Amino acid sequence: MTFLWDVCDTCTRRRPTRTCWLYPERSVCPYCCAACPERGQCPRPVWLTELVAPRPAAPARQERRRAEAAKALEELLKRLEGG
Ligand SMILES: [Zn+2]
């Protein structure tokens, strides 16, 4: 599913929006979709995929890469201090 950078009809901010499932005449951003009081009755919240099932593999890999980078920097600094 695609989204557009548009003005959210609920919060009026410029954000990625999708067409609301309950009100097809409205655009909704992920924040308003998540906070929507009618979300419980909505058969298909348009931002459900991202909000309910964030891909867990990507952040873990990113975290490890960050840890490796931090370690490499630490070793480099130690070497600089020692020399
Ligand atoms: Zn919004």
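A short tour of the structure in this document, coming up. (Residues numbered from 1 in each chain as written. Predicted model: local features only at pLDDT ≥ 70, side-chain atom pairs only at ≥ 80, totals over all residues.)

**A word on the overall build of the chain**
- The helix and strand tally for the chain stands at three helices and three strands.
- Contacts in the chain between residues at least 24 apart in sequence constitute 12% of all its contacts with a sequence separation of at least 6. (Helix = DSSP H or I, 4+ residues; strand = E, 2+ residues; numbered from the N terminus. Contact = placed C-beta atoms within 7 Å.)

**Quick word on the pairing of strand 1 (residues 4-7)**
- Bridging between strand 1 and strand 2 (residues 14-19) involves four bridges; their strand directions are antiparallel. In the sheet register, Val-7 faces strand 2, and the bridge partner there is Arg-14.
- Here strand 1 folds back onto strand 2 in antiparallel fashion, the turn holding six residues, of which Thr-12 has a positive phi close to 60°. (Pairing = 2+ DSSP bridges.)

**What about unusual backbone geometry?**
- In this structure, Thr-12 takes a positive phi of about 60° despite not being glycine.
- Secondary-structure assignment places Thr-12 in the loop between strand 1 and strand 2.

**Let's talk about the pairing of strand 2**
- When strand 2 meets strand 3 (residues 27-28), the two strands line up antiparallel, connected through two bridges. When the bridges of strand 3 are listed, Arg-18 appears paired with Val-28.

**Some thoughts on the sheet that holds strand 1**
- Pairing within the open sheet is antiparallel, and its three strands lie in the order 1-2-3. Sheet topology places strand 1 and strand 3 at the edges, where each strand pairs with a single neighbour.

**Quick word on the environment of Thr-10**
- Secondary-structure assignment places Thr-10 in the loop between strand 1 and strand 2.
- Given 18 C-beta atoms within 10 Å, Thr-10 falls into the partly exposed group.
- Sequence separation of Thr-10 and Cys-36 is 26 residues, and the distance between their C-alpha atoms is 9.5 Å.
- Those residues in contact with Thr-10 that lie beyond four places of it in its chain are Val-28 and Cys-32. (Buried ≥ 20, exposed ≤ 12 C-beta atoms within 10 Å, placed from the backbone.)

**Points about the nonpolar core**
- Judged by nonpolar contacts, Cys-8, Cys-20, Val-28, Cys-29, Cys-32, Cys-33, Val-46 and Trp-47 together constitute the single largest core of eight residues.
- Beyond its immediate chain neighbours, meaning those up to four positions away, Val-28 contacts Cys-8, Asp-9, Thr-10, Thr-17, Arg-18, Cys-20, Cys-33 and Val-46. (Core = buried A, V, L, I, M, F, W, Y, C linked by C-beta atoms within 7 Å.)

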